[in-house]
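# Descriptive structure summary
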Amino acid sequence: MKLERLLTLRSLRSRPLRLLLSLFGIVLGVAAILSISITNQTAMESVNRVFKDTSGKANLIVTSSEIDSRGFSEKILNRVASYSGVDAAVPSVQIQTILVGDAAPSQVGMSFFGMEAGGLSLYGIDPQQDPLVRSYTITSGSFLSPDQDDSAEIVLVDSYADEHDLKVGDAVEIDTEAGLEQLRLVGLIAKEGPGQINNGAFGVIPLATAQKLFYREGKVSQIDVLAVPEFSGTEALDSLRTSLQSYLGKDYSVLYPASQGQRMTQMLGSYQIGLNFLSGMALFVGAFLIYNTFSMTVVERTREFGMLRTIGMSRNQVTRQVLIEAVVLGIVGTALGIGLGVLMARGLTGVMELILGLALTDIAVPIHAVITSAVVGLAVTLIAAIIPAWQAGKISPLEALRIRASSNEGCLIRFGWIIGSILLLVSTFILIMNPFPYDVQFRVGSMVVVMLFLGGTLLIPATVSIWVRMIHPIMRLVYGNIGRLGSSNIQRSRLRTTLTVSALMVGVAMIIVVWAMTDSFKGDLDQWLKGYIGGDLYVTSSRPMGRDVWKKLESVLGVEAVTPVRYFEVDWINPSSQEERISFMAFDPASYSQVTSFIFSQADPDANGSLRAVAAGGKVLISSVIAEKYGLGVGDSINLITRVGQRPFEVAGVVVDYFNQGLVISGSWADMERHFRQHDANAFLVKITPGLERAAMRECIDQLYGKREHLTIETNQDIMGKVSTLMEQAFRMFDVLALIAMLVGFFGIVNTLTMNVIERTQEIGMLRGVGMTRGQVVRMILAEAALIGIIGGVLGLVFGVILSRIFLLAMTAMSGYKLTYLLPLQRIFLAVLLAFLVSQVAASLPAARAARIRILEAIQYE
Amino acid sequence: MPVLEARKLVKQYLLGKHQVNALSGVDFIVEAGEFVAIMGPSGSGKSTLLHLIGGLDKPSGGEVTLAGHQLSILKDKQVTQIRRRNVGFVFQFFNLLPTLTAGENITLPLLIDGKNLRKYQERLDALLELIGLTGRSRHKPDQLSGGEQQRVALARALITEPAILLADEPTGNLDSKTGTTIMELLRRSCDELGQSIVVVTHDARAASYADRVVFLRDGAIVSELYMDKSAAQGDSLRRIIDELEKLESLGAEAVQSI
């Protein structure tokens, strides 16, 4: 052990650049896995916790199955409370209002789940019972008086109070349906648990006070149910839920509190799969870098290992020596990778917050993720170092006496093309036939990807000579006669060349995938957004906006048309006979078509006909996601659950809609009012007279009605800009990973060419001796690199296109999103050019080294 | 008893498609405490012979017995062990580990053999004194001159008290003065420590330090000279040069006769 320790530490210290390169590979892989794992876990926990916190300790919640924002009768409370298995039934009224004097936010909040206009969320609660289900942490003052359920008291979150310069004892004025009301601020709570609702813009008032001020006498929004301990297990709770649902009837929904988080977690799931896949690729390229760097070290130390063999070190000792160096690097690299992973997680979490529109909890580093990353990091390091270690052990003692090193090509290089061809054929077959059901497509896609890359890699050695012949004219043109010498050199160390080309191929493929996904997604999203935002201005409010606001907006000079939109949740019986919650977008067909338009996705759409049909009532437009997922089309009937029960609606058209992951049905305003008793708009889309300035009109409307009606007005340009930014940030982490993969390809070329130069020192000396200039030596090395770059670039392009198509297909199958594949021609040229440029820059150092070789030293031989 | 015995050694290898006979049935014996030099022109097979007797390579035919061990019947691991404990090597290009100090380079074979270095401190000091580098043991190779590095290599070869020391062109990379120093050290180790030595060299002056000079040509021993230990250095050198000239003229005649 002392021998290994001595040799290991000295060897690692003496080659700082090699050390850094190897460490970089390990750190990259470990950091990628850990940061993505932490971010995923944090995001999932935060999403679940937010929804859990709002109901806190409640095991179940009871809501109305009707979508009535005014709530349901509190008479049901006693029935629930007295039901067997129920320990407590806690009522609450949930209101969205605004603090008087609080200007409407000037900007619309943005996330993947839509847009928000701020405001204050209030819960009317029973002060004695509510703490049974929600934990309030008083930080100042006191909680609501327990024996006065209609007092004019309010408790706010401390951070919100700070922002509004409020302290205990102050009078707080809120906007209610009964007018402006003053309440006394009796206490402050911490921004935790229910204090996180609406990002801290939350307060509680007595139940009766809420019912009186907001015209909800005798009504509640929700009943939180606490089950007796015997029913708190999963199975028992599920049976309680089912039996309570059946007892209460179809007018009510008995749900798990966390089910409200399902939409977000589902969205996250798709994103996370992409991230996990990319972390796997980061590990692959990291492993390549480790292999490449260790190979380099073995070549550099060939004579040293030969000498050690001569003086009695056995093959196993030499192999063990290299592996021990790998273990040391693995441990150090893993430790650094874990540190970097935690830091990267902070950055990734920031992006996740943007995507979710939610402040995430503090990053918790789960110990299992750390252990997994560490084990994977060490395992990959060892696996990557095994071949170089084995090669080191094979070094003959005679190498100590030679200047010229030799490299042996194994049978995998000679016959690997057979395995490669089989892999390519099998993966092509799977792609064409696609025999697996959609829900495993992504997994299958991943396996197909690995097989494709592996197959392509194994074919490289056998096809190198073909590539050399094909590219020879270009080489001659760019590098002259020397070019031929350089490009034919890559046929000599075929294992090394193959792996270098492969690494570059993966890097280019990843870049193509990112470009194709971004362009395809953006292309379709831009198109959809133009319709979704529509018109010129987007008007929203923290309060529901009725017909009066509609009329006011229409009356503004310069406004050509105004159309309302309202999103609310509705249950339907999907074609699989399951009850599912989706979104309903209500619109007024007449005014909608004056402001904007839908994007119909069915073949030969009759847009006007579809809108007329919807306007007539009883018909809806479904999203392409729903159509794809359930095989629905125009003329089919779907069942929505309305106030009076299930009602069939006919599908009048299929439209592109990405709201709520595409689970949205669009119907008429009249149907909304008639069947779902909703009357207010979430937003108005405003079209202004052509020629007028959008910003000026925005100012005008804001001055007239902004403060009075608590409106938030933005131009659609601004909103689309925000969405673009959101998309760019979401894809940025993919860009970073793709660039890192290219960087690894870059280092791979540097290493490979440097090894080639070392091995051919004598030969280069001879060429210089017979008259080759330094410049010609440089051109020779650059030509060798160019061929690596071109082969890697072209193969990377081919596999990148295949890979991005697989991703798109998988996304369609899993989520119903039908994206149009988009990869502009200039991107294709750019990819190959990038690979070529990377190869040239990477080759500059080894080329300079080759040019510096001294003729006499190089040609010294026995 | 001979410390090394090689009988009917044959070595053939393929150079592209051609078979090259590097050695054609060579018999070579080294007695204990003997200093033998092997000379010959390039391609004569002298280095090949050294590689075979040191267990660095396997012969195509014949047998090598080193310190009583018949190498052909042993596996690579066993040959390596024998080499570790019974053979010391000195290379033309020194081959010191650049990351180790002079002292650490010298004790490297002991470390490889799993020995407790503290027990060999005295031996190390003695060798450092022999090679004239006492006080330089902590210096790295890049802090030593070429001659000093070769002296360290020599000490490394001697630390295990090997049955035989094999040197491949030990003065090939040194100036004549430094080369002389190395050869004198080799001579001293033979005289004072009873070390058996085989040196491959094309340098007649280096060969003149040996007790016996063996001449190879075309893979076979063509001549041998026994040196008179009492003779002056210059006389020994003259005899070797004369023998080389004789062999050269014989070689030219052979070429002319083709």
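About the criteria used
- Residues numbered from 1 in each chain as written.
- Chains lettered and ligands numbered in written order.
- Predicted model: local features only at pLDDT ≥ 70, side-chain atom pairs only at ≥ 80, totals over all residues.
- Heavy atoms only, no water.
- Helix = DSSP H or I, 4+ residues; strand = E, 2+ residues; numbered from the N terminus.
- Buried < 20%, exposed > 50% of the residue type's maximum accessible area, 1.4 Å probe, protein only.
- Polar contact = N/O pair within 3.5 Å; in protein donor to acceptor, adjacent residues only side chain to side chain.
- Contact = heavy atoms within 4.5 Å.
- pLDDT = per-residue confidence, 0-100.
- Pairing = 2+ DSSP bridges.
- Buried area = accessible area lost by both parts, 1.4 Å probe.
- Salt bridge = Lys/Arg side-chain N within 4 Å of Asp/Glu carboxyl O.
- Nonpolar A, V, L, I, M, F, W, Y, C, P; charged D, E, K, R; others polar.
- Core = buried A, V, L, I, M, F, W, Y, C linked by side-chain atoms within 4.5 Å.
- Patch = residues over 30% accessible without salt bridge, like charges linked within 9 Å, V, L, I, M, F, W, Y side chains within 5 Å.
- Areas by Shrake-Rupley, 256 points an atom, 1.4 Å probe, with all protein chains shown as cover.

## Concerning the side chain of Ser373 of chain A
Residue and element names in this part refer to chain A. With respect to the element layout, Ser373 can be found in helix α10 (residues 367–394). With a relative accessible area of 1%, Ser373 lands in the buried category. Within the local environment of Ser373, its side chain forms a polar contact with the backbone oxygen of Ala369, the two atoms lying 2.6 Å apart. When neighbours within four sequence positions are excluded, Ser373 is seen to be in contact with Val30, Ile33 and Leu34.

## Quick notes on the confidence of the model for chain B
When pLDDT is averaged along chain B, the result is 88, and 97% of the positions lie at 70 or above. Scored as a complex, the prediction yields pTM 0.64 and ipTM 0.75.

## A look at the sheet that holds strand β4 (residues 61–66) of chain B
Strand pairing in a sheet relies on backbone hydrogen bonds, with the paired strands running either antiparallel or parallel. Residue and element names in this part refer to chain B. Strand order in the open sheet formed by four strands is β2-β1-β4-β5, with antiparallel pairing between adjacent strands. For this open sheet the edge positions go to β2 (18–31) and β5 (69–70), each flanked by a neighbour on one side alone. In this sheet, β4 lies alongside strand β1 (residues 2–15) in antiparallel orientation, the contact comprising five bridges. Its bridge partner lying in β4, Leu4 is registered against Leu66.

## Concerning the pairing of strand β8 (residues 153–157) of chain A
Sheet faces and side chains relate simply in a regular strand, where the side chains alternate between the two faces. Residues and elements named next belong to chain A. A large share of β8 lies buried, amounting to five of its five residues. Pairing of β8 with strand β11 (residues 202–206) involves two bridges; the strand directions are antiparallel. Following the sheet pairing, Leu156 is matched in β11 by Gly203.

## As for the side chain of Asp175 of chain A
All names here are of chain A. If you trace the backbone, Asp175 turns up in strand β9 (residues 171–176). Its relative accessible area of 10% is what places Asp175 among the buried residues. The contacts of Asp175, once residues within four sequence positions are left out, are Thr97, Ile98, Val100, Leu180, Phe214, Arg543 and His710.

## Some remarks on the interface of chain B and chain A
In this complex, chain B contributes 28 residues to the contact, which on the side of chain A involves 26 residues. Between chain B and chain A, a total of about 2,500 Å² is buried, with carbon and sulfur atoms accounting for 64% of that surface. For chain B, the biggest contributors to the area lost against chain A are Thr99, Leu111 and Ile112 of chain B; these three give 22% of the whole. Of the charged contacts, one joins Glu104 of chain B and Arg10 of chain A as a salt bridge, the two residues approaching to 2.6 Å between their closest N and O atoms. Of all the secondary structure elements, the ones that give two or more residues to the side of chain B that touches chain A are α1 (46–53), α2 (76–86) and α4 (108–112) of chain B. By residue number, the principal contributor to the side of chain B that touches chain A is α2 of chain B, which donates five residues. The residue inventory of the side of chain B that touches chain A, partitioned by class, reads twelve nonpolar, seven polar and nine charged.

## Some details on the nonpolar core
The biggest cluster of nonpolar side chains holds 110 residues, and the ones touching the most others in it are Leu308 of chain A together with Phe28, Ile53, Leu108, Val198 and Val213 of chain B. Apart from residues lying up to four places away in sequence, Phe28 of chain B is in contact with Leu4, Glu5, Ala6, Val36, Ile38, Leu49, Ile53, Val198, Val214 and Ile221 of chain B. The next biggest cluster of nonpolar side chains, apart from the first, holds 101 residues, and it includes Ala509, Phe587, Ile791 and Ala843 of chain A.

## Focus on a nonpolar patch on the surface
A contiguous nonpolar patch, built from Phe415, Trp417, Ile418, Ile419, Ile422 and Val426 of chain A and spanning about 550 Å² of accessible area, is present on the exposed surface. Relative to the helices and strands, Trp417 of chain A resides in helix α11 (residues 411–433).

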